[in-house]
Amino acid sequence: MSSKTILRNSIARLLFLIRLTAPARRGRMHLSIATFHRVLPEVDRQSYPYPGLAVTPEELDAFLNFFTENFDCGTLVTQHERYLSGENPARPLLAITFDDAQYDNYRYARTVLAKHHIKASFFVPVKAVERQELLWHDRLGFAILALLKQARGGEEKLMRILTEAGLSASGPGSLLSNVVNASKGIGLEARLRLVETLVEASGATSAPDFARLMSFAEIAELAADGHEIGSHSMTHCLMPECDNRALTYEVAESRHVLQDRIGQPIETFCYPNGNSDARTAHAVEQAGYRRAVTTTWGNNGQEADRFQLRRYDMVASRVHGSDGKFMPALLAFRMSGFYPCLG
Ligand SMILES: [Zn+2]
């Protein structure tokens, strides 16, 4: 553990002790929104291409312990409406959200949420669920893992495909995250072609069963539990890349299909990858949504644009202390606004 990390943890502990970073103080008069993606047992997380996008059920339990102690928790639709009506409870308002409608949300998150009596919001990429096809970044990730595991020539094959697509695997992160980030910049068609080429080259025609998306029946069960269901577009493509026709399809059509399938009004839109612009936000408003969430780090005051709401992305490893255990003071520090350089 670096001395910088030790210093950071000590500062976090001290500030929490004197309650300077206490959510009751720092989150007051604001709407906070927490983001989770996958919830996977450790054994599955280890074979998932992006372990940072997953928390274990035990880690989710620790997060929810902290949240119930320090916040008034609920779905985004409930908490946002309460916030707009001027409610200002002693424990500040927090909405819990899950992106991507992964089956593990149904299998694991549902139980942990029920234990804490928390209702949450789940954002569904509609076409992907209909087709039961993994999102492009997962298909790409599993294909690259399979290529890297090939005894002979897998890595060379991978590098050749990347070069042909005009991409480099170098960058600040892991090979996988560098490729994902680079491929976000090459346009929709080229990106999907790249994914198909990688899947074909890897010979990995199917991903492990734990990685699948929820079915509409499972999503409807979450809705029946009292959780909110929101749209995460049709195909999880990056909204600013869409022409106006595609935008209507992604935004308006996903709302219609979900309302038909779930039988409840769909009021929240979640931008895939957090990407949005003025045209996208306008399309979301026109389609009848009441709010939309981004991946921009932070909470929301009265001046917040309801179609550009900020969220706190929950990454378990970033709130672990030197003993590897969940450290409430560190999470409070990260959510306090005092902690610099957060993405
Ligand atoms: Zn997503």
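Computed from a prediction, not measured in an experiment: that's the story for all the values here.

**Brief notes about the overall build of the protein chain**
Then comes step 1: Of regular secondary structure, the protein chain possesses 15 helices and 10 strands.
Then comes step 2: In summary, the protein chain has a C-alpha radius of gyration of 20 Å against a globular reference of 20 Å for 343 residues, a match within 12%.
Then comes step 3: The dimensions of the protein chain, computed from C-alpha atoms along their principal axes, are 60 × 50 × 35 Å.
Then comes step 4: Sequence separation of 24 or more characterises 65% of the internal contacts of the protein chain that already satisfy a separation of 6 or more.

**Some remarks on the domain arrangement of the protein chain**
Then comes step 1: By the assigned domains, the protein chain splits into domain 1 (3–133 + 209–336) and domain 2 (136–202).
Then comes step 2: Just the C-alpha atoms count here: the centres of domain 1 and domain 2 sit 27 Å apart.
Then comes step 3: The interface of domain 1 with domain 2 comprises eight residues on the first partner and 10 residues on the second.
Then comes step 4: For the side of domain 1 that touches domain 2, the class distribution of residues is five nonpolar, two polar and one charged.

**Quick look at the packing of helix α8 (residues 136–149) against helix α9 (residues 154–164)**
Then comes step 1: Relative to each other, α8 and α9 sit at 135 degrees, their axes nearing to 6 Å. Comparing the axis directions of α8 and α9 gives the class oblique. For the pair α8 and α9, contact is made by Ile-144, Leu-147, Leu-148 and Lys-149 and by Gly-154, Glu-155, Lys-157 and Leu-158, respectively.
Then comes step 2: Grouping the constituent residues of the contact of α8 with α9 by class yields four nonpolar, one polar and three charged.

**So, helix α14 (residues 278–286)**
Then comes step 1: When α14 is considered as a whole, its buried residues turn out to be Thr-280, Ala-281, Ala-283 and Val-284. Here the buried residues of α14 occupy an arc of 160 degrees about the axis, which is enough to place them on one side. Exposed residues lying more than 90 degrees from the buried face of α14 are Ala-278 and Gln-286.
Then comes step 2: Contacts from the buried residues of α14 go to α13 (244–262), β8 (268–270) and β9 (291–297).

**Here we look at the environment of Thr-280**
Then comes step 1: Examined against the element boundaries, Thr-280 turns out to sit in helix α14.
Then comes step 2: In this structure the C-alpha to C-alpha distance between Thr-280 and Glu-241, which are 39 residues apart in sequence, comes to 9.7 Å.
Then comes step 3: With residues near it in sequence (within four places) discarded, Thr-280 still touches Met-239, Pro-240, Leu-247 and Tyr-271.

**Here we look at helix α11 (residues 188–202)**
Then comes step 1: Compared with the 21 Å implied by 1.5 Å per residue over 15 residues, the 21 Å span of α11 between its first and last C-alpha is a close match.
Then comes step 2: Of the positions making up α11, those classed as buried are Arg-191, Leu-194, Leu-198, Val-199 and Ser-202. In a view along the axis of α11, the buried residues occupy a sector of 130 degrees, so they form one face of it. Exposed residues pointing more than 90 degrees away from the buried face of α11 are listed as Glu-189 and Glu-200.
Then comes step 3: On the buried face of α11, the contacting elements are α8, α9 and α10 (175–183).
Then comes step 4: A positive backbone phi angle near 70 degrees is found at Gly-203, which sits one or two residues after α11.

**With respect to the pairing of β9**
Then comes step 1: Pairing of β8 with β9, which is carried by three bridges, proceeds in the parallel orientation. Within β9, the residue paired with Thr-268 across the bridge is Arg-291.
Then comes step 2: The parallel pair β8 and β9, bridged by α14, forms a crossover whose chirality is right-handed.
Then comes step 3: Inspection of the sheet shows β9 paired to strand β10 (residues 309–313) by two bridges, in the parallel sense. Pairing of Trp-297 across the sheet is with Arg-311, part of β10.

Conventions adopted
Residues numbered from 1 in each chain as written. Predicted model: local features only at pLDDT ≥ 70, side-chain atom pairs only at ≥ 80, totals over all residues. Helix = DSSP H or I, 4+ residues; strand = E, 2+ residues; numbered from the N terminus. Rg over C-alpha atoms; globule rule 2.2 N^0.38 Å. Contact = placed C-beta atoms within 7 Å. Domains from an automatic or database assignment. Nonpolar A, V, L, I, M, F, W, Y, C, P; charged D, E, K, R; others polar. Axes fitted to C-alpha atoms, helices over the stretch in contact; angles between N-to-C directions. Parallel < 35°, antiparallel > 145°, perpendicular 65-115°, else oblique. Buried ≥ 20, exposed ≤ 12 C-beta atoms within 10 Å, placed from the backbone. Arc of directions from axis to C-beta. Expected span 1.5 Å × (residues − 1). Pairing = 2+ DSSP bridges. Right-handed = clockwise from strand over helix to strand, strands pointing away.

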